Amino acid sequence: MANLLVTGGAGYIGSHTARALERAGYSVVIFDNFSRGHRQAVEGYTVVEGNTAERKKLAALLREFNISAVMHFAAHSLVGESVEKPDLYYHNNVLGGLNLLEAVLEAGVKHFVFSSSAAVYGEPEETPVGEEHPLKPANPYGETKVVIERALHYFTQAFGLNSVSLRYFNAAGAALSGGIGEDHDPETHLVPLILQSVLGQREKVTVFGNDYPTADGTAVRDYIHVDDLAEAHLLALEALLQGRQSQVYNLGNGEGYSVLEVIKAVEKVTGKAVPYEFGSRRTGDPALLVAAAKKAERELGWRPKTTALVDIVESAWRWHRENPQGFGAEK
């Protein structure tokens, strides 16, 4: 089986994907600077600590381990932070991404799977959102994803680097096999924020906006289980190794749930009331963001398995209940 490099493999989606790759028989090397990832999430793997800015180190690493394909997760991903610190996001996500691509070319690697985002679409003009929707990111984070996607397009034309860009909607949940889950600092994702309030770790949850043109006035999002995202990365890799040309895919369930529906699902799963309050809308938050993901089903054979909101929440609750401090204080 092929040897793979997973950058950002100690992060939330990267660590779950590394597990899926290992189960499928691939040899996985993790590359992470641990600024936001967790060492406990990658125990037992070959781990190399470093930054994507280190092009020579990356090129040497790719040669040393005879890497056949790269999965690139290493990026800052907080929308609000990207607005406050666009320099940080362009430096890390864009310059780091381009350094990695140069190292990939230098080492002769021909396959690349990119962790992109629905943030590339910005305010959707139609729902569900298909891959042909115009790319109009509303923040620097989304813009950095567009830059790397476009670079990959031209790298395919110029250098024959075949790639798949996977545009996630709202990743949620924890590994169904146990052991790893979602732990960000600061935490910004809705499900863990609500669970932290249930665990008494925060006073209440703020629901940003209750005047949207939706059934209950709160924003609607498409939640996709992290194990299903990991499976999509595996299928994308295998498509590339079998000769598939560069492509872009949305990853989502194709069904939306409002913030209040997520709160109700948490209450059902935990048996506890969720303390929350309404706040003002956040700039750039669309009312409705749901994926059209039939292309991934048609071309990759990918179909989400854990689609019910209560099942997604249940997996997250199980991990948070067993790991109330997340991965702990280690870094």
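Please refer to the structure higher up on the page.
This report concerns the structure included in the present document.

Analysis parameters
- Residues numbered from 1 in each chain as written.
- Predicted model: local features only at pLDDT ≥ 70, side-chain atom pairs only at ≥ 80, totals over all residues.
- Heavy atoms only, no water.
- Core = buried A, V, L, I, M, F, W, Y, C linked by side-chain atoms within 4.5 Å.
- Buried < 20%, exposed > 50% of the residue type's maximum accessible area, 1.4 Å probe, protein only.
- Helix = DSSP H or I, 4+ residues; strand = E, 2+ residues; numbered from the N terminus.
- Contact = heavy atoms within 4.5 Å.
- Axes fitted to C-alpha atoms, helices over the stretch in contact; angles between N-to-C directions.
- Parallel < 35°, antiparallel > 145°, perpendicular 65-115°, else oblique.
- Left-handed = near helix turned anticlockwise from the far one by under 90°.
- Nonpolar A, V, L, I, M, F, W, Y, C, P; charged D, E, K, R; others polar.

1. A closer look at the nonpolar core
What tends to happen in soluble globular proteins is that the nonpolar side chains get buried as a cluster. Ranked by internal contacts, the top residues of the largest apolar core, which has 38 residues, are I13, L21, L166, L251, L300 and W302. Every element with two or more residues in this core is listed here: β1 (3–7), α1 (12–23), β2 (27–32), β4 (69–72), β6 (162–168), α7 (226–241), β11 (247–251) and α9 (294–300). Broken down by element, this core gets its largest block of residues, nine residues, from α7. The contacts of W302, once residues within four sequence positions are left out, are I224, D228, E231, A232, L235, N250, L251, G252, A293, A296 and E297. V198, A265, V266 and V269 belong to the second largest nonpolar core, which has 23 residues in total.

2. What about the packing of helix α2 (residues 55–64) against helix α4 (residues 86–107)?
Orientation of α2 relative to α4, taken along the N-to-C sense of each, is 40°, at an axis distance of 8 Å. On the basis of the axis angle, α2 is oblique to α4. Relative to α4, α2 is oriented so that their crossing is right-handed. Between α2 and α4, the residues in contact are R55, L58, A59, L62 and R63 and N99, L100, E102, A103, V104, E106 and A107, respectively. Residues of the contact of α2 with α4, tallied by class, amount to seven nonpolar, one polar and four charged.

3. Here's the deal with the environment of L98
Within the secondary structure layout, L98 lies in helix α4. For L98, a relative accessible area of 27% corresponds to the partly exposed category. A C-alpha to C-alpha distance of 9.5 Å links L98 and L152, two positions 54 residues apart in sequence. With sequence-adjacent residues up to four places away left out, L98 is seen in contact with I148 and A151.

Everything listed is a geometric property; what it means functionally is a separate question.
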